[in-house]
Each structure stands twice: as C-alpha cells, then as structure tokens.
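# Tertiary structure, described
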Amino acid sequence: MKEECGVAGVLMNEEAQSDTVALQIYYALYALQHRGQESTGITVHDGESVRSIKGMGLVPEVYSREDIINLKGKVGIGHVRYSTTGDSRIENCQPLIVNYKRGTVAIAHNGNLVNGTELRNKFEAEGRIFITGSDTEVIAHLLVKELLHHEPIEAIRIVMGELVGSYSLVIMIDDQLIAVRDPLGFKPLCIGKIDGGLAVASESVAIDTLNGELIRDVKPGEVIIFKDDGFESHQIYKNSRSSHCVFEYIYFARPDSIIDGQLVYKVREKIGRELSKEHPVNADIVSPVPDSGITSAIGYSYESGIRYEEGLMKNRYIGRTFILPGQAMRETAVRLKMNTIADNIKGKKVILIDDSIVRGTTSRKIINMVRKAGASEIHARIGSPPIIAPCYMGIDMATREELIASYQKIETVKNAINADSLGYLSIDGLVKSIGIVREELCLACLTGIYPIEVPGEECHCRQLKINDF
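Notes on the structure follow. (Residues numbered from 1 in each chain as written. Predicted model: local features only at pLDDT ≥ 70, side-chain atom pairs only at ≥ 80, totals over all residues. Heavy atoms only, no water.)

## Details of helix H4 (residues 116–125)
Burial in H4 covers these residues: Gly116, Leu119, Arg120 and Phe123. End-on view of H4: buried residues confined to an arc of 100°, all on one side of the axis. Relative to its buried face, H4 has exposed residues pointing more than 90 degrees away, namely Thr117, Glu118 and Ala125. Those residues of H4 that are buried are in contact with strand S7 (103–113), helix H5 (135–147) and helix H6 (152–162). (Buried < 20%, exposed > 50% of the residue type's maximum accessible area, 1.4 Å probe, protein only. Helix = DSSP H or I, 4+ residues; strand = E, 2+ residues; numbered from the N terminus. Arc of directions from axis to C-beta. Contact = heavy atoms within 4.5 Å.)

So this is what it looks like as structure tokens:
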C-alpha cells in the first residue's frame, strides 16, 4: 500500500527573517517523506508574488541549499507526493498554483475525491482547461470560481459543499495561509507553534522536527486562517461522527506522530498485545517485518512473554526496483529490500508480525525467505483485519479482485503465503487498540461499508450540517 502525500505550511511573524520559511518547510517535508517519495514542491509568497520549486524525487534530491536560501518570503506551503490520481510526472507536482483576476492561489492536497472525475467533466464541458490529472486542480478550479464572487471563508464553504471524498488542504490565497480538513476528517492535519510563527502539517512529527509545540488537530470540517498573532477557527461543517482512516494508525503515520490525540507508537504496541491475546502460539521468538511491524512485534512480545528477536533486516536506502527485468531480477529486488539474519532464525519457531496482507505476494516471498533461512515453523500474525474492499479515499491499495482476503478464506490465504498458521487482528481488537470509538473510524476497506456515497458500493452515509455564517 502507498499513501499519496503529505502537506505542510508555515507562517512566520514580521520579526522573522524572510529566508526562514522555505527552510522550515524543507525540514517539515523531510519529516513527512514517508508519506510520498515521488515528487515534492515548496511555494512561498514574499508579499508581492509567489515563487516555487518543484521536482521529481526525494526532498534532499530536489532542493539545493541555494534554492532554499533564494526562496524568500514570510509564508509558504509544501508537499510530498505519491500519485493515486494523475500520472507520475512533473505537471502533477504540488503545490498547484493558479493565477486569476484577483490574485494567486496555491494548494497542496492530501486525499482523494470520489466525485473528482464528475466535477472535472463538468468543468471541461464549460470549456475549462486542465493541465494536470490530479484532483487538486479540480479543487483549484472550484475555489477560484468562488473567489471571484466571495471572500475566502465563504468561497471555501461553498467549495466544501461540492467535494465528496477526503481532503486535508493547505492553501495560500496570495499571502494568506489557510488549512482545511474534510467534514469526516479522513486524513490527519494538525497545527503547531514554532519559533517565530505557526505551522500546519499532515503529522505532528513535522512540527516536532521544527522544534515546535503541537497545539491541536484541525477538526473535521474546520477551516483555520493563520495570522501573525495566532489563528482563527471557522467550523464550516458539524457532524456527530468522523471517519478517521484506520491505516494511519496501522501503517502510514510515523510511530512518533500523534494523530487525533493518539500516539501512533502506543496504538501499534497495543495492536501487538491484542494479537497475542487473540492468536497465541507456542514459539521461540517474535520477529517483525520491518519497519511497520516492529512496534506491534514488541507489543506481542511483551504480552506473550516470548523473546523479541529481529529475523529480517531492511535496506532503507533502496530505490525503485520495478525497472529490473525478468523474474530472477525481481526476486533479487526482494533481497535488496530485505535480508534474513539466519543465526536468529535457524531451527526456531518464529512468530512473524506484519501490518497487513494485501495481495499476498510480498508476504509469501518474505515467509519463503525466512523458511529458507532455517525457521522450523512460521506463524504469521497480522496487525489489521483482512482487507476485503478497495479504498476510494486516497490509499493506493488494490482492486477488489487483487485483494486476496476479499475472495479467499483465511485457511486459503495461509496456504497461499506458505505460513504454518495465520492470525488477523479482529476489528474489535483494532478499535480497542486505537482507543477511538468505532463510529469515529473509517473501516471501509475492512468491512466494505463506506461512510460516503461511492457508486456501486454499500454506504452508511452520515448527515453533515453546514454552519450558518
């Protein structure tokens, strides 16, 4: 699975130097690199005009020291991207910048619109031209259209009423910094205080990296207007429930992030403990599939009393491997990404902890590696329930036909991945581990029931209410 992006924004006060904003955003994006490794961009406003640098690749590859020094301004936004809509090309790099009659709009977006194609078709029928293939440009068209007739808050209110799906946005309207979170709060977004200003980011680790202080999460349906002396909150939508993505806690977010009040590390440790309670097994060691299985493996070890031992080592400096030709080279690519520590495995009964099984092909390759290293038994324990349905809210997961658990029984999945036993965490166990009531979570990929209307899918839709202004 892949997450599509991370966003960040910084507003420095009048006393701050004009060359600090780009540097702060650079560090924030570096902290959010795990959310997208395809492309990145930084856009700043110097009080008169916007300046931007975008490129394909990782944060330290795209920007030079000279680039950052020359991006001067008091306010800016940034983005790291993995594409879920739109091709992997420079035109789809964000922030997206649009010049219009009354000024300039720059947008960085984390999420995915269910009705993005419908809105795009409507605009194209009106003669509008699109440069990118991303949902972000749809949002930009909507926003610019309303800004011609309304002030920013009213324009955003109208735009939010048109959008169906997930979106955490950082927006610059000229030199005004704005944060927006969709009414169900699918994707994380938080605000913090930093030395000389304020910051907004997808995860609190970005604020930590800036040596800042987390203030709070942006609430579902909330719009935040940043000012030199603080920020204004406008609760555009009120809803009795939210739909926070469970895979932020299971996999996507960094363990040291606080997402909607929950420390991700503690959630994953509890996932491991719950796995141990639900699926105990007699074994010699508990071993993670790095990196996402590490914290849950520690929790399983604590609860079961079985020794934690690393049996796999990940190469954290590997790039893309899909360009390698032939099956033999693709098998080598698996070894490039991960290798066994044979002395820790040989002759032992191994409990192998992973965050999820999607198609099953990677799990089988990893288990075969561990078995070849001499493990006498391999018991797979998975820190999520079976994934049975696709995600339409911004996770590049798989189609229903590709999801092995959507059409196979657990015993069949166990055989397919070549494990001696297989245990998934239950939905109740997952909800208990996260510490948020079930009604506040999006479990669509685990249940097949969606919190918003998706054509052809079952929906348990929730009534949203727009505040009166």
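Following the structure, the description resumes.
## Section: the packing of aromatic side chains
Each pair of aromatic rings is reported with the distance of its centres and the angle of its planes. Applying the stated rule across the entire model yields seven aromatic pairs. Ring centres of Phe123 and Phe130 lie 6.4 Å apart, and the angle between their planes is 50°; on these two criteria the pair is classed as tilted. Residue classification places Phe123 among the buried residues on the basis of a relative accessible area of 3%. Grouping aromatic residues by their ring pairs yields a cluster made of Tyr26, Tyr27, Tyr30 and Tyr63. (Phe/Tyr/Trp six-rings, centres within 6.5 Å; stacked < 30°, edge-to-face > 60°.)

## Looking at the side chain of Asp260
Mapped onto the elements of the fold, Asp260 is located in the loop between strand S17 (258–259) and strand S18 (262–263). The exposure class of Asp260 is buried, given its relative accessible area of 18%.

## Topic: the pattern of salt bridges
Should their charged atoms come close, side chains of opposite charge can pair. Under the criterion given, the structure shown has 19 salt bridges. We note a salt bridge from Glu203 to Arg35, for which the minimum N-O separation is 2.7 Å. Residue Glu203 is found in the loop between strand S11 (197–201) and helix H7 (204–209), and its partner Arg35 is found in the loop between helix H1 (20–31) and strand S3 (39–45); the two are separated by 168 residues along the sequence. The class for Arg35 is buried, based on a relative accessible area of 1%. For the salt bridge of Arg438 with Asp428, the shortest nitrogen-to-oxygen distance reads 3.7 Å. Of the two residues, Arg438 sits in the loop between helix H16 (427–434) and strand S27 (441–442) while Asp428 sits in helix H16, which places them ten residues apart along the sequence. A relative accessible area of 37% means that Arg438 is categorised as partly exposed. A residue is classified by how much of its surface remains accessible, and Asp428, at 56% relative accessible area, is exposed. Taken together, the shared-partner salt bridges connect Arg35, Glu203 and Glu248 into one network. (Salt bridge = Lys/Arg side-chain N within 4 Å of Asp/Glu carboxyl O.)

## Some details on the sheet that holds strand S13 (residues 222–227)
With respect to topology, six strands assemble into an open sheet ordered S6-S7-S8-S9-S13-S14, the strand pairing being antiparallel. Each of the sheet's edge strands pairs with one partner strand only, and the pair in question is strand S6 (96–100) and strand S14 (230–235). Going across the sheet, the axis of each strand differs from the next one's by a mean of 20°, ignoring polarity. As judged from the three bridges shared by strand S9 (residues 176–181) and S13, these two strands associate in the antiparallel manner. Considered in S13, the bridge of Ile178 is made with Ile225. Lying on the sheet, H5 is in contact with S6, S7 and strand S8 (165–173); it crosses S7 at an angle near 135°. (Pairing = 2+ DSSP bridges. Axes fitted to C-alpha atoms, helices over the stretch in contact; angles between N-to-C directions.)

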